[in-house]
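Survey of secondary and tertiary structure
For reference, the chains in residue letters:
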Amino acid sequence: MLASSVLPLMMFVQSAIPMKATPLQRWRGVHIMAPNPDGLPLLKRAITEALVPLGVNVIVLEVNYRFECQSHPELRMEPALTKAHARELAALCRQHNIRLIPQFQCLGHQSWAKTTFPLLTKYPELDETPQIPQDNPGIYCRSWCPLHPKVNTIVFALMDELIDAFQADALHVGMDEVFLIASEQCSRCKGKNPAELFAKAVNDYHQHLVKKKKLTMLMWGDRLLDAAVMKYGKWEASENGTAPAIDLIPKDIVICDWHYGLRDEYPSVPYFQQKGFRVLPSSWKDAKAAVALRDFAERHATEKMLGHLCTTWVNGADFARALLGEGEASESAKQAAQALRACFGM
Ligand SMILES: [Zn+2]
């Protein structure tokens with residue numbers, strides 16, 4: 001009796017209110033490379049004038065060594081952001097209900113083109129491939145050795161400073177495109193299983209960030225995907241034996257599942273959710289591909305789907321110029337801004 005009398009009302013309520021929040025009502029994220037200090041005012045304006053109106057509520061700011069760390073001043077990459085800069089940006093984001101998540105690129109990406117980043121120039125003993133010359137001929141990016149007894153002490157100190165400076169409740173540890181792992185050149189890693197080595201690194205960072213410091217940990221997902229199974233290329237999925245690590249790491253890590261090309265299907269999106277991970281599908285500057293990934297993810301969303309992350313891969317000031325339509329923005333920044341608007345535009 002009761003059921004039949006309330007049923008029409010319930011049906012009305014259900015039709016008026018979506019059964020669950022759609023992904024884009026949740027994390028609307030943008031990944032930005034930290035600008036130089038003199039680009040910070042422009043980025044702040046772009047946040048207020050462009051990102052807030054687009055409903056962006058998460059900013060992943062990739063800082064890496066561009067920070068005036070006190071624990072290891074020898075590892076600063078100039079021009080570096082100061083703690084005061086970080087606090088100002090954090091305050092602005094808080095004011096607009098934006099979750100600001102700093103990123104410190106771990107394990108791989110320790111060089112770019114001919115430039116090797118400070119950790120491996122100052123501490124060459126931490127290098128996974130010490131025999132490769134410092135200007136990196138023939139490789140994509142250097143890696144640090146996940147088994148070196150000294151490496152975590154140093155990088156945890158850097159992470160802790162970023163977390164404190166940005167008053168963050170989450171950290172993105174990167175970990176994409178790690179091609180150099182279990183190298184023959186490393187006496188500690190030689191002959192070991194790449195998936196177990198990769199998982200050890202993930203678990204070490206999780207122990208520090210999640211278990212000890214009670215933060216949320218984010219990472220890129222590509223090394224956890226088997227390229228042969230997923231039919232992705234060797235960048236956005238693994239051809240170097242790391243994929244089984246997916247079953248050796250905690251499920252409370254947020255996986256940023258990046259795919260930048262237009263495809264009919266993105267099988268990793270349901271796969272990560274089935275494995276029990278929260279997923280943040282991540283796109284780049286091809287607007288059609290970004291929207292395709294967003295829509296595919298919406299169709300395959302479970303309660304593990306967090307929303308969407310637009311990457312930019314340009315300096316934050318360059319991206320700000322593109323968003324504001326001021327000054328000379330690079331073509332890449334303009335395209336990234338356009339893709340962002342395509343994904344999050346009202
Ligand atoms: Zn090693």
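Residues numbered from 1 in each chain as written. Predicted model: local features only at pLDDT ≥ 70, side-chain atom pairs only at ≥ 80, totals over all residues. Heavy atoms only, no water.

What to know about the nonpolar core
Formally: Residue types Ala, Val, Leu, Ile, Met, Phe, Trp, Tyr and Cys, when buried and joined through side-chain atoms within 4.5 Å, form a set referred to as a nonpolar core. Three exposure classes are used, based on accessible area relative to the maximum for each residue type with a 1.4 Å probe and protein chains only: buried under 20%, partly exposed in between, and exposed over 50%. Here a residue-residue contact requires only that any non-hydrogen atoms of the pair lie within 4.5 Å.
Ranked by size, the top nonpolar core spans 107 residues in total, and within it Leu119, Trp144 and Tyr205 carry the most contacts. Not counting residues within four places of it along the chain, the set of residues in contact with Leu119 comprises Tyr65, Leu75, Gln110, Leu126, Trp144, Val151, Ile154 and Val155. Judged by nonpolar contacts, the second largest core, of 14 residues, contains Trp27, Val58, Ile101 and Val254.

Considering the coordination of the zinc ion
The condition is simple: Metal donors: N, O and S atoms at distances within 2.8 Å, or within 3.2 Å for Na, K and Ca, with water omitted from the atom set so that some sites may seem incomplete. Under the classification used here, a metal with four donors is tetrahedral if each angle lies between 85 and 135 degrees, square planar if opposite donors are over 155 degrees apart and the others between 65 and 115, a six-donor metal meeting that same test is octahedral, and anything else is irregular. Runs of E in the DSSP output that reach at least two residues are strands. Runs of H or I that reach at least four are helices, and both are numbered from the N terminus.
Around the zinc ion, the protein supplies Glu128 (OE), Cys145 (SG), Cys186 (SG) and Cys189 (SG) as donor atoms, at distances of 2.1 to 2.3 Å. If you look at the zinc ion, its four donor atoms make angles of 105 to 118° with each other, and the shape they trace is tetrahedral. Positions of the donor residues of the zinc ion, expressed as sequence spacing, correspond to E-x16-C-x40-C-x2-C. One end of the pair, Glu128, is in the loop between helix 4 (118-122) and helix 5 (151-165); the other, Cys145, is in the loop between helix 4 and helix 5, with 17 residues separating them in the sequence. Per residue, the accessibility class of Glu128 equals that of Cys145, and both read buried.

Some remarks on the pattern of salt bridges
Note that side chains of opposite charge can pair when their charged atoms are close. As a reminder of what qualifies: For salt bridges, the criterion is a side-chain nitrogen of Lys or Arg within 4 Å of an Asp or Glu carboxyl oxygen.
Enumeration over the complete set of coordinates arrives at 14 salt bridges. The partner of Glu326 in a salt bridge is Arg45, with the nearest N and O atoms 2.6 Å apart. Placement of the pair is Glu326 in the loop between helix 10 (316-324) and helix 11 (331-344) and Arg45 in helix 2 (residues 40-51), with a sequence separation of 281 residues. Across the pair Asp127 and Arg142 runs a salt bridge whose closest N-O atoms are separated by 2.8 Å. Residue Asp127 is found in the loop between helix 4 and helix 5, and its partner Arg142 is found in the loop between helix 4 and helix 5; the two are separated by 15 residues along the sequence. For the residue pair Asp127 and Arg142, the accessibility class agrees, reading buried in each case. Sharing partners across several salt bridges, the network here consists of Arg45, Glu49 and Glu326.

So, the packing of aromatic side chains
Where we set the bar: Under the pairing criterion, centres of Phe, Tyr and Trp rings, with the six-membered ring standing for Trp, must be within 6.5 Å; the plane angle then separates stacked pairs below 30 degrees from edge-to-face pairs above 60, leaving the rest tilted.
The tally for this structure, following the rule as stated, stands at 15 aromatic pairs. On the basis of an interplanar angle of 45° and a centroid distance of 6.0 Å, the ring pair of Trp220 and Trp313 is categorised as tilted. Linking Trp220 in strand 7 (residues 216-220) with Trp313 in strand 10 (residues 307-315), this pair joins segments that are 93 residues apart in sequence. The exposure class assigned to Trp313 is partly exposed, which follows from its relative accessible area of 27%. Between the aromatic rings of Phe272 and Phe277, the centroid separation amounts to 6.3 Å while the plane-to-plane angle is 90°, which identifies the pairing as edge-to-face. A residue is classified by how much of its surface remains accessible, and Phe272, at 0% relative accessible area, is buried.

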